[in-house]
Amino acid sequence: TPFPVQVRFVVRGNILRMTLPSGRELKYHEPRVEHSTKRPGQLAISYMTYNTNPKYGPMGWVRMDTWGSRVFENADQAISHDILRYAILNLRAAGYPCVLHVYDEIVAEIPQGTGSIEQYETIMATLPPWAAGWPIRAAGGWRGKRYRKG
């Protein structure tokens, strides 16, 4: 079953704002629509960003092109972050303080003999109201004395 995801765009001042379902905004400074330098005959959106990766050109403030898939990836990663942050706050409130998170994994340290994997997974799978009904689950939790991947 499809679930609606609303992402809105508006330009205010000199900033293109992407409003996520959570209400949080991603901002693209000094946006422009101009002819693409990488895809002849097509238009591209560019914006100013602070480049910290020499792979993408000079360090500091640079104009960067974007396209539909990158904008979609930005929205996808930001929405995933908002869901993870919601889980972290709920886990903390239930006595599972987050000491580390890696991608979609949340690591908490609790005293031996307290809590349960089932409760932890239930809390992690509790979605914010704006994501109600989304097909997200949390499974595969484990307990251990040290963090491990996989």
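The structure under discussion appears in the preceding block.
Residues numbered from 1 in each chain as written. Predicted model: local features only at pLDDT ≥ 70, side-chain atom pairs only at ≥ 80, totals over all residues. Heavy atoms only, no water.

(A) A look at the environment of Thr19. Tracing the chain through its elements places Thr19 in strand β2 (residues 15-19). Once residues lying within four places of it in the same chain are set aside, the contact partners of Thr19 are Gln6, Val7, Arg8, Arg24 and Glu25. (Helix = DSSP H or I, 4+ residues; strand = E, 2+ residues; numbered from the N terminus. Contact = heavy atoms within 4.5 Å.)

(B) Main features of the pattern of salt bridges. What the rule picks out here adds up to 5 salt bridges. Salt-bridge contacts for Glu25 lead to Arg12; the nearest nitrogen and oxygen are separated by 3.3 Å. In this pair, Glu25 is assigned in strand β3 (residues 25-35) and Arg12 in strand β1 (residues 8-12), connecting sequence segments 13 residues apart. Accessibility expressed as a relative area gives 27% for Glu25, which makes it partly exposed. The partner of Glu30 in a salt bridge is Arg63, with the nearest N and O atoms 3.8 Å apart. (Salt bridge = Lys/Arg side-chain N within 4 Å of Asp/Glu carboxyl O. Buried < 20%, exposed > 50% of the residue type's maximum accessible area, 1.4 Å probe, protein only.)

(C) Seen up close, the pairing of strand β6 (residues 98-102). Note that β6 and strand β7 (residues 105-108) share 4 bridges and pair antiparallel. Within the sheet, the bridge partner assigned to Cys98 lies in β7 and is Ala108. (Pairing = 2+ DSSP bridges.)

(D) Representation of the nonpolar core. Met18, Leu20, Leu26, Tyr28 and Trp134 are the most contacted members of the largest nonpolar core, which has 15 residues in total. Excluding residues within four positions of it along the chain, Tyr28 makes contact with Asn14, Ile15, Leu16, Met18, Tyr47 and Asn74. (Core = buried A, V, L, I, M, F, W, Y, C linked by side-chain atoms within 4.5 Å.)

(E) Highlighting the packing of aromatic side chains. Here the structure, examined in full by the defined rule, presents 4 aromatic pairs. Each ring, one from Tyr50 and one from Trp61, has its centre 5.7 Å from the other, and the planes form 80°; the classification is edge-to-face. You can see Tyr50 sitting in strand β4 (residues 43-51) and its partner Trp61 sitting in strand β5 (residues 60-66), a full 11 residues away along the chain. Taking the relative accessible area as the measure of exposure, Tyr50 reaches 49% and is therefore partly exposed. Plain terms: the ring middles of Tyr96 and Tyr120 are 5.1 Å apart, the flat faces sit at 80° to each other, and that makes the pair edge-to-face. In this pair, Tyr96 is assigned in the loop between α1 (68-93) and β6 and Tyr120 in helix α2 (residues 117-124), connecting sequence segments 24 residues apart. For the pair Tyr96 and Tyr120, one class covers both residues: buried. (Phe/Tyr/Trp six-rings, centres within 6.5 Å; stacked < 30°, edge-to-face > 60°.)

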